[in-house]
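Notes for the structure review
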Amino acid sequence: MKEQKMKGVVQEDDYIILFLNSRKKWLIQVKKDKEIHTHAGFVNGESLIGKSYGSEIVTNTGKTMYILDPKISDFILKSKRPTQILYPKDIGMIINWTDLSPGKNVLEVGTGSGSLSCYIANIIRPSGHLFSYEIRKDHHNAAQKNISKTGLLNYMTLINKDIKLGIEQKDIDVAIIDVGDPWSVLDIIKNSMRLGGSIASVSPTVNQVEKFVIELINHKFIDIETYEVLVRKMEVREGKTRPAMRMIGHTTYLTFARKGLDNS
């Protein structure tokens with residue numbers, strides 16, 4: 001992320017969140033001569049500059065909003081998304097299983113909108129690096145535009161190329177695949193990974209999972225596991241706390257494995 005968190009106060013050109021409530025919040029870039037209009041009224045950009053993050057601002061209609069520094073998820077949810085993004089519940093599982101941490105070198109196949117790329121780069125920085133491949137030019141361009149707002153481009157290399165044509169990267173710690181035919185790139189990915197490195201694949205159907213797992217076995221990968229993550233929110237009210245009627249059910253299947261030594 002940009003250094004605005006360290007500064008502690010809003011400066012011109014910073015991205016901020018104007019928070020009214022959990023359902024109404026806006027990601028905006030602060031400009032001194034710009035008015036920020038919402039259904040709760042407007043505020044002048046100049047009045048935001050110098051304010052501390054976490055402080056209040058009152059609109060022309062008397063509504064009180066909070067000034068917050070954006071999280072990665074704020075940038076992602078407010079960005080243009082040419083492809084379906086992964087839900088936080090699935091991203092959290094990927095981070096946990098693959099042990100993403102600062103200093104790791106990561107290969108991503110299928111940049112998409114760049115949502116997962118942002119989470120990865122934010123975790124592996126400052127000494128790690130993400131190499132992300134995207135075959136479609138329009139998706140590549142959209143991802144680059146989305147990611148540039150977060151200040152994380154320095155920790156990744158976005159490559160507009162079909163990974164099946166070959167790659168130069170070696171000793172990759174973690175490989176993450178988000179394409180429809182993950183088995184078709186397994187040879188290339190395996191050759192780029194270090195021994196013991198982790199691989200994760202995102203698949204919407206069980207048919208894809210089955211085919212991919214069979215190929216993982218054939219390629220001598222070990223510790224193979226597949227998960228579906230379900231999350232239900234709680235509605236907390238005094239004396240009336242209960243699970244929400246709606247929940248985030250199936251979004252994708254996550255398959256994980258580690259590269260073993262092939263003695264064959």
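The present account deals with the structure reproduced in this document. (Residues numbered from 1 in each chain as written. Predicted model: local features only at pLDDT ≥ 70, side-chain atom pairs only at ≥ 80, totals over all residues. Heavy atoms only, no water.)

**Description of the sheet that holds strand β1 (residues 15–21)**
Selection rule: Criterion used throughout: strands pair if DSSP finds at least two bridges between them. Note on conventions: DSSP H or I runs of at least 4 residues are helices, E runs of at least 2 residues are strands, and numbering of each starts at the N terminus. In this description, a line fitted to the C-alpha atoms serves as the axis of each element, helices being fitted only across the stretch in contact, and the angle between N-to-C directions of two axes falls anywhere from 0 to 180 degrees.
The 4 strands lie next to each other as β2-β1-β6-β5, forming an open sheet whose pairing is antiparallel. Of all the strands in the sheet, the pair left with one neighbour each is β2 (24–29) and β5 (56–58). When the angles between neighbouring strand axes are averaged without regard to direction, this sheet yields 30°.

**Quick look at the nonpolar core**
Threshold: We define a nonpolar core as any set of buried Ala, Val, Leu, Ile, Met, Phe, Trp, Tyr and Cys residues linked to one another through side-chain atoms lying within 4.5 Å. Buried means the residue's accessible area, taken with a 1.4 Å probe over protein chains only, is under 20% of the maximum for its type, while exposed means over 50%, and partly exposed covers the values in between. Should any heavy atoms of two residues lie within 4.5 Å, those residues are considered in contact.
I94, V106, I120, M156, I176, L254 and F256 are the most contacted members of the largest nonpolar core, which has 27 residues in total. For this core, the secondary structure elements donating two or more residues are α4 (88–98), α5 (115–124), α6 (137–148), β9 (156–160), β10 (172–177), β11 (193–203) and β15 (253–259). When residues in this core are grouped by element, the largest group, 6 residues, is from α5. Discounting chain neighbours no more than four positions away, the residues touching I94 are L86, I176, A200, V202, L254 and F256. Core analysis: the second largest hydrophobic core is formed by 19 residues, L107, A175, M193 and F221 among them.

**Quick look at the pattern of salt bridges**
Definition in use: When a carboxyl oxygen of Asp or Glu is within 4 Å of a side-chain nitrogen of Lys or Arg, the pair counts as a salt bridge.
Throughout the structure, instances matching the rule amount to 8 salt bridges. Residue D90 pairs with K89 through a salt bridge whose shortest N-O separation is 3.3 Å. Each member of the pair, D90 as well as K89, carries the same accessibility label: buried. Of the charged contacts, one joins K104 and D99 as a salt bridge, the two residues approaching to 3.8 Å between their closest N and O atoms. By relative accessible area, which is 15% here, K104 ends up buried. Counted as one network, the salt bridges with shared partners bring together E235, R237 and R242.

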